[in-house]
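Residue-level listing of the chains:
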Amino acid sequence: LIPFLISKFEPKLDNETHENAAQALVDIINVSMNISNSPLIAQIESEEVLKTLFDFILDNGLSSSLQHGLTVIIELLR
């Protein structure tokens, strides 16, 4: 599930796709934060997933993938 959602930050995809993927990931983060040792949070925080997300959001300059990808990063930092 997590790799699929991260793949939706591909810069070629549209703003709505980026926004929906970000909202789904933020919802997963918020729900999973109440679960001790959540495997979903561990997967989102994995080096591979974060590298892929950063590659997408930094690939195309100012884009909706950057905007919505940063939303996910900020939520993780909270």
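Refer to the preceding data block for the structure.
This section reports on the structure supplied with the text. What you see is a predicted model, and the numbers here were worked out from it, not measured in a lab.

1. With respect to the pattern of salt bridges
Alright, step 1. Inspection of every chain in the model, using the stated rule, returns two salt bridges.
Alright, step 2. The partner of Lys51 in a salt bridge is Asp55, and the shortest N-O contact between them spans 2.9 Å. Note that Lys51 and Asp55 are positioned in helix H4 (residues 47–59) at a spacing of four residues, about one turn of the helix.
Alright, step 3. Among the residues examined, Asp55 registers a relative accessible area of 41% and is labelled partly exposed.
Alright, step 4. In this structure, Glu75 and Arg78 form a salt bridge, with 3.6 Å as the shortest nitrogen-oxygen distance.
Alright, step 5. Glu75 sits in the buried class, given a relative accessible area of 14%.
Alright, step 6. What makes Arg78 exposed here is its relative accessible area of 72%.

2. A look at the nonpolar core
Alright, step 1. Counting 19 residues, the largest nonpolar core has Ile2, Ile6, Phe9, Leu25, Ile44, Leu53 and Val72 as the members making the most contacts within it.
Alright, step 2. Of the residues forming this core, the biggest block, five residues, is contributed by helix H2 (residues 15–32).
Alright, step 3. The contacts of Ile44, once residues within four sequence positions are left out, are Ile2, Leu25, Ile28, Ile29, Val49, Leu50 and Leu76.

3. A few points about the environment of Lys8
Alright, step 1. When you line up the elements, Lys8 lands in the loop between helix H1 (2–7) and H2.
Alright, step 2. Distance in space between the C-alpha atoms of Lys8 and Ser65 is 8.6 Å, their sequence separation being 57 residues.
Alright, step 3. Not counting chain neighbours up to four residues away, the residues in contact with Lys8 comprise Leu13, Thr17, His18 and Ala21.

4. Some thoughts on the packing of H4 against helix H5 (residues 64–77)
Alright, step 1. Across the interface, H4 lies against H5 with an axial gap of 8 Å and an inter-helix angle of 145°. Seen along the crossing, H4 lies across H5 with a hand that is left-handed. Contacts from Leu50, Leu53, Phe54, Phe56 and Ile57 of H4 reach H5 at Ser65, Leu66, Gly69, Leu70, Val72, Ile73 and Leu76.
Alright, step 2. Across the contact of H4 with H5, the residue classes break down as ten nonpolar, two polar and no charged.

The rules behind each value
What you see as residue numbers is a count from 1 along each chain, following the sequence as written. Per-residue local features are limited, in this predicted model, to residues with pLDDT of at least 70; the limit for side-chain atom pairs, both in listing and counting, is 80 or more; totals at the level of whole chains, interfaces and linings are taken over all residues. To obtain the side-chain values, all non-hydrogen atoms of the structure were included, while hydrogens and water were left out. Salt-bridge detection follows one rule: a side-chain nitrogen of Lys or Arg within 4 Å of a carboxyl oxygen of Asp or Glu. Think of it this way: any DSSP run of H or I at least four residues long counts as a helix, any run of E at least two long counts as a strand, and we number them from the N terminus. Classification of residues uses two cut-offs on accessible area relative to the type maximum, computed with a 1.4 Å probe and protein chains only: under 20% is buried, over 50% is exposed, and between them is partly exposed. Only buried residues count toward a nonpolar core, which is a set of Ala, Val, Leu, Ile, Met, Phe, Trp, Tyr and Cys residues joined through side-chain atoms within 4.5 Å. Every residue pair with non-hydrogen atoms within 4.5 Å of one another is taken to be in contact. In this analysis an axis means a line fitted to C-alpha atoms, helices contributing only their contacting stretch, and an angle means the value between N-to-C directions, from 0 to 180 degrees. By definition, turning the near helix anticlockwise from the far helix through less than a right angle yields a left-handed crossing, and turning it clockwise yields a right-handed one. Under the scheme applied, nonpolar residues are Ala, Val, Leu, Ile, Met, Phe, Trp, Tyr, Cys and Pro; charged residues are Asp, Glu, Lys and Arg; polar residues are all the others, including Gly.

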